[in-house]
Each structure stands twice: as structure tokens, then as C-alpha cells.
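# An overview of the molecular structure
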Amino acid sequence: MTVQQQETLAARQGEPLVVLDGVNKWFGDLHVLQDINQTIHRGEVVVVIGPSGSGKSTLCRAINRLETIQEGTITLDGKPLPQEGKELAALRAEVGMVFQSFNLFAHKTILENVTLGPIKVRGQKKDEADKRAKELLDRVGVGHQAAKYPAQLSGGQQQRVAIARALAMNPKVMLFDEPTSALDPEMIKEVLDVMVDLAKQGMTMVVVTHEMGFARTAADRVLFMADGAVVEENTPEEFFTNPQSDRAKDFLGKILKH
């Protein structure tokens, strides 16, 4: 990305929200994150793509400390990530996370799944939490399912509930770790549509995905990772039409042919 492109992009976004500085992580001898230096600005949508095992999910999980790092710093809104305890719980309330698997509580209704965090962590009153949860469930298109249990919903519906649940905490940033990879093809679009709407409404998002269409439409910036490093970053337009590195060309050549 040229300096001019970076400046234009930064001007479009707000101030820095998530800053990764010299981040390194190893699993044993495997160097899974190598000198990651990234600034994610408020309101920016960053899509992380790359081959399996390139460190994408680890990067995503490091931002809310589900994975610890051995070197470097990660700050959220100017504050370093806390180590443990109450401060860590508070941090996780600021960082919404949507996983591959929906991780909903099977024995609680859809409404209860969404209100649990705001009541327990944020200390919201039940009626206030219920009202907000219903608005969010409507927003993601499953409001009519509020009284049901997760097992009564399709995978796509459950993932939309998981998004509503994360939004109910009013997070500063939303992390999506391959949110559609466990879904049937016809359900993928309904989840991506919700994510595109969120992006349009200015939610700061870091999205690890194999969905290139989403990367093209919704991303402000694409990070391409391989072997634990960010090999290339650019606007979606530039990245998809004119990849600079051989690794990216090879990757796109393989996936865009099918």
C-alpha cells in the first residue's frame, strides 16, 4: 500500500482503536505470529485472509487475549490488554467475539442467551436488557425466535443470535473468527448480510474469513497472512486486482479459479 493510500484510508477512519506492536507468538517451536504491527482504526473493517495455518485465527484471538502473546504489546483504546481477573473480563466485554461454532447456551432461550452478558457483566436491569436484546434480534432477523432454544434454530439463525449476543455488550470492536465456515452454503449469505450491515453502520470489525466476496464488498483493508506474518495489505480493490507478492498471487490463483 502506498503512503498516500494509507493516509487516505486513515483519514476516512477514526482514531486508532486496536494497536498491535511487535507481536510475536510461538506454539513450542512453531512461530505462529511473526512481528505483527497493525493499527485498526475506529470504524474500520479489516478482513484477514490467507491459507490454513497462516496464523489468522491466532491473531484474532490474541486481540481479546484468548491467546497470550510472548513478545510485543496489544492495546485497546490506548490501554494494554490486562493479564487476568476482573480487568480481563471487562476487556472481553469491550471486544465482541463471534466464533466458527455458535457457543450458545443450549439450556437457555435465545432471548436469555443475548441478555445474560448485559445483566451479569454490565449490571443491566432485566427489562432494559430484554428490550435491547429484542431490538438486536430483530436487527439480525431472528426476533420472532426469541422464545425458542438454540437447537430449534438453523445454523445460520444461531450464528445471527451469536452476533446479536456480542452486540448486546455494546463492544468497541467485533472480532469474527471464520463465522461462516461451519454453515451450509445457503446460510452463509444470511450471516454475511448481517455483517455487511454492521460494517455499513460503522462497527469496527476484524474478520477472519474465506469469503472473498465479503472481503471485496465490506473491507476497508485486506491483510493477507502466510506462515505467521502479514505478507501484504491493501485496499480490497488493489489486493484482488493487483496482488503484489507471489504468495498472494498463488493463493488468489487457487481460490478464485473455482
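Note that the coordinates shown come from a computational prediction; the quantities given were computed from them, not determined experimentally.

## Section: the overall build of the protein
Counting secondary structure elements, the protein contains 10 helices and 10 strands. Taken over the C-alpha trace, the protein has a radius of gyration of 18 Å; the compact-globule value for 258 residues is 18 Å, and the two agree within 12%. Dimensions along the principal axes, computed over C-alpha positions, put the protein at roughly 50 × 40 × 40 Å. Taking all contacts inside the protein whose residues are at least 6 apart in sequence as the whole, residues at least 24 apart take part in 68%. Of the roughly 12400 Å² of accessible surface on the protein, a fraction of 50% belongs to carbon and sulfur atoms.

## Overview of the sheet that holds strand β1 (residues 16–27)
One open sheet holds the four strands; their spatial order is β2-β1-β4-β5, and the pairing between them is antiparallel. The two strands at the open ends of the sheet, each matched to only one other strand, are β2 (30–41) and β5 (79–80).

## Describing the sheet that holds strand β3 (residues 45–49)
Strand pairing in a sheet is mediated by backbone hydrogen bonds. Such pairs are either parallel or antiparallel. With mixed pairing, the six strands of this open sheet are ordered in space as β6-β7-β8-β3-β9-β10. Each end of this open sheet is capped by a strand with a single partner; those strands are β6 (95–98) and β10 (229–234). Taken over all neighbouring pairs, the strand axes of this sheet differ in orientation by 20° on average, direction set aside. Where strand β7 (residues 173–177) lies against strand β8 (residues 204–208), five bridges are found, and the strand directions are parallel.

## Concerning the packing of helix α6 (residues 155–167) against helix α7 (residues 185–200)
Remark: α6 packs on α7, axes separated minimally by 8 Å, with the N-to-C direction vectors making an angle of 20°. The pairing of α6 with α7 is recorded here as roughly parallel in orientation. Crossing hand, α6 versus α7: right-handed. Residues Gly155, Gly156, Gln157, Gln159, Arg160, Ile163 and Leu167 of α6 lie in contact with α7, whose contacting residues are Met187, Glu190, Val191, Val194, Met195 and Leu198. Looking at the contact of α6 with α7 residue by residue, the classes come out as seven nonpolar, four polar and two charged.

## With respect to the packing of helix α4 (residues 110–120) against helix α5 (residues 126–139)
Relative to each other, α4 and α5 sit at 125°, their axes nearing to 9 Å. Of the possible angle classes, the one that applies to α4 and α5 is oblique. As for the relative orientation of α4 and α5, their crossing is right-handed in sense. In this structure, α4 contributes Ile110, Leu111, Val114, Thr115, Pro118 and Ile119 to the contact, and α5 contributes Lys126, Ala129, Asp130, Ala133, Lys134 and Leu137. Here the contact of α4 with α5 is composed, by residue class, of eight nonpolar, one polar and three charged.

## Quick look at the UniProt feature "domain: ABC transporter" (unreviewed entry) in the protein
Within this numbering scheme, the UniProt entry marks residues 18–252 as carrying the feature "domain: ABC transporter" (unreviewed entry). As a span, residues 18–252 carries 39% helix and 26% strand, and end to end its C-alpha atoms are 28 Å apart.

## So, the environment of asparagine 242
Note that asparagine 242 resides in the loop between α9 (236–241) and α10 (246–256). Dropping the residues within four chain positions of it, asparagine 242 is found in contact with Glu232 and Glu237.

## Notes on the environment of alanine 151
Looking at where alanine 151 falls in the secondary structure, it is placed in the loop between α5 and α6. You can call alanine 151 exposed: its relative accessible area is 77%. Considered as a pair, alanine 151 and threonine 109 are 42 residues apart in the sequence and their alpha carbons are 9.8 Å apart.

## Overview of the nonpolar core
Counting residues in each nonpolar core, the largest one holds 51 residues, and the members touching the most others are Ile163, Met174 and Met205. Broken down by element, the residue count for this core peaks at nine residues, all from α7. Leave out the neighbours within four places in its chain, and isoleucine 163 touches Val98, Val140, Met174, Phe176, Val191, Val194, Met195 and Leu198.

## A look at unusual backbone geometry
One non-glycine residue with positive phi stands out, namely arginine 65, at about 65°. Topologically, arginine 65 is positioned in the loop between α2 (56–62) and β4 (71–76). By relative accessible area, arginine 65 is classed as buried at 17%. For aspartate 77, which is not glycine, the phi torsion reads 55° and is therefore positive.

Conventions used here
Residues numbered from 1 in each chain as written. Predicted model: local features only at pLDDT ≥ 70, side-chain atom pairs only at ≥ 80, totals over all residues. Heavy atoms only, no water. Helix = DSSP H or I, 4+ residues; strand = E, 2+ residues; numbered from the N terminus. Rg over C-alpha atoms; globule rule 2.2 N^0.38 Å. Contact = heavy atoms within 4.5 Å. Areas by Shrake-Rupley, 256 points an atom, 1.4 Å probe, with all protein chains shown as cover. Pairing = 2+ DSSP bridges. Axes fitted to C-alpha atoms, helices over the stretch in contact; angles between N-to-C directions. Parallel < 35°, antiparallel > 145°, perpendicular 65-115°, else oblique. Left-handed = near helix turned anticlockwise from the far one by under 90°. Nonpolar A, V, L, I, M, F, W, Y, C, P; charged D, E, K, R; others polar. UniProt positions renumbered as here; feature names shortened; annotations may be inferred. Buried < 20%, exposed > 50% of the residue type's maximum accessible area, 1.4 Å probe, protein only. Core = buried A, V, L, I, M, F, W, Y, C linked by side-chain atoms within 4.5 Å.

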